[in-house]
Amino acid sequence: MRAARRAGTLRTMTQVHGVILAAGRSTRMSEPKPLLEVGGETFLRRSARTLRQAGCERVHVVVNADAEWAEDAVRGLDAEVLHNPDPDSEQVDSLRIVLRTLPDDVGGVLVLPVDLPLVAAETARAVVAAFRAAPGPLFLPFHNGVAGHPVLLGRELFTEVLDSPLDEGIRSLIMEHSADLREVAVTDPGILIDIDTPDDYWRYIQQK
């Protein structure tokens, strides 16, 4: 009986939910980034698939409440859809919306901005596996010594995200907790490729 209880506690501690941040205005792209396509699917759907394949028990996506594209984009998406009412807010504000909804048995969140569609599922899976093997507050993938996305935040940081200003968003959290950071070495350059402009889209996706 004790062994069963310990196993149940371990599963609770290591349950990970995925979070897709997709509520921005896409001003530099001049069209909604979640609807751009790579490999025949939208950035949004690819991101959701990546997080599911990483082993996340559930996936949450935060979209702009006023975005005309949102209703069609999320239809049939295997994710819980949440709305950010402020299109001018920061990404960390969207993350806060998700954290306020999570049950107590979620041990961590794997956070992926929608404008990093080239992150490999194997990379996301490696970050989740590192957390489940030895739970901690902060995990990041590194490619050639450079940190990228997705970021995994353990539950012990949830209150800080919710209650602290974090002027530079998740970056502030990473700098504050650099001593606790667990590095996950990967061979995936996609963790560093942020598609923000039409030039980015052409360079990294259209011309491939």
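Here's what I pulled together on the structure shown here.

Observations concerning the pairing of strand 6 (residues 108-113)
With respect to burial, strand 6 is a largely interior element, six of its six residues being buried. Of the two faces of strand 6, the one lined by Gly-108, Leu-110 and Leu-112 and the one lined by Val-109, Val-111 and Pro-113 are each fully buried. As paired strands, strand 1 (residues 16-22) and strand 6 are joined by six bridges and run parallel to one another. For Val-19, the partnering residue across the bridge sits in strand 6 and is Val-111. The pairing of strand 6 with strand 9 (residues 151-154) spans four bridges and is classified as antiparallel.

Side note on the nonpolar core
Grouped together as the largest cluster of nonpolar side chains are 40 residues, with contacts concentrated most on Ile-20, Phe-43, Leu-44, Leu-110 and Leu-152. Secondary structure elements with two or more residues in this core: strand 1, helix 2 (43-53), strand 4 (58-64), helix 3 (70-74), strand 6, helix 5 (121-133) and helix 8 (198-206). Once residues within four sequence positions are removed from consideration, Leu-152 is found in contact with Val-16, Gly-108, Val-109, Leu-110, Val-127, Val-128, Phe-131, Pro-137, Leu-138 and Phe-139. Formed by 25 residues, the second largest nonpolar core is a distinct cluster that contains Leu-21, Val-111, Phe-142 and Leu-157.

Here's the deal with the side chain of His-17
Examined against the element boundaries, His-17 turns out to sit in strand 1. Within the local environment of His-17, its side chain forms a polar contact with the side chain of His-60, the two groups lying 2.8 Å apart.

Examining the pattern of salt bridges
Using the criterion set out here, one finds eleven salt bridges in the structure. Its salt-bridge partner being Glu-80, residue Arg-58 comes within 3.3 Å of it at the nearest N-O pair. Within this pair, whereas Arg-58 is found in strand 4, its partner Glu-80 is found in strand 5 (residues 80-84), the two being separated by 22 residues in sequence. Put simply, Asp-93 and Arg-96 hold a salt bridge, and the shortest N to O gap is 2.8 Å.

A word on the packing of aromatic side chains
According to the stated counting rule, one finds two aromatic pairs in the structure shown. Where Phe-131 meets Phe-139, the ring centres are 5.7 Å apart and the plane angle is 85°; that geometry is what we call edge-to-face. Per residue, the accessibility class of Phe-131 equals that of Phe-139, and both read buried.

Focus: unusual backbone geometry
Here the bond from His-149 into Pro-150 is cis, since omega is 5°, no more than 30 degrees from zero. Relative to the elements of secondary structure, Pro-150 occurs in the loop between strand 8 (146-147) and strand 9. Look at Ser-30: it is not a glycine, yet its phi comes out positive at around 70°. The topology assignment puts Ser-30 in the loop between strand 1 and strand 2 (37-38). Classification of Ser-30 as exposed rests on a relative accessible area of 66%. Of note in this structure, Asn-144 is not a glycine but carries a positive phi near 50°. Here Asn-144 lies in the loop between strand 7 (138-143) and strand 8.

Things to note about the pairing of strand 9
Here strand 9 shows a buried face lined by Val-151 and Leu-153 and a second buried face lined by Leu-152 and Gly-154. As paired elements, strand 7 and strand 9 share two bridges and run antiparallel to each other. Following the sheet pairing, Leu-138 is matched in strand 9 by Leu-153.

Conventions adopted
- Along each chain, numbering runs from 1 in the same order as the chain's sequence is written.
- Residues qualify for local features only when their pLDDT is at least 70, as the model is predicted, and side-chain atom pairs are given and counted only at 80 or more; totals for whole chains, interfaces and linings, by contrast, use all residues.
- Side-chain numbers here rest on the full set of heavy atoms in the structure, without hydrogens or water.
- The classification of residues rests on relative accessible area computed with a 1.4 Å probe and restricted to protein chains. Under 20% of the type maximum is buried, over 50% is exposed, and intermediate values are partly exposed.
- Only DSSP runs of H or I reaching four residues or more are called helices, and only runs of E reaching two or more are called strands; each is numbered from the N terminus.
- Two strands form a pair only when DSSP identifies at least two bridges running between them.
- To qualify as a nonpolar core, a set must consist of buried Ala, Val, Leu, Ile, Met, Phe, Trp, Tyr and Cys residues joined through side-chain atoms within 4.5 Å.
- Pairs of residues are marked as contacts when any of their non-hydrogen atoms sit within 4.5 Å.
- Two N or O atoms form a polar contact when they lie within 3.5 Å of each other; inside protein one atom must be a possible hydrogen donor and the other a possible acceptor, and for residues adjacent in sequence the pair counts only when both atoms belong to side chains.
- Any carboxyl oxygen of Asp or Glu within 4 Å of a side-chain nitrogen of Lys or Arg constitutes a salt bridge here.
- Note on aromatic contacts: the rings of Phe and Tyr and the six-membered ring of Trp form a pair at centre separations within 6.5 Å, being stacked when their planes are under 30 degrees apart, edge-to-face when over 60 apart, and tilted otherwise.

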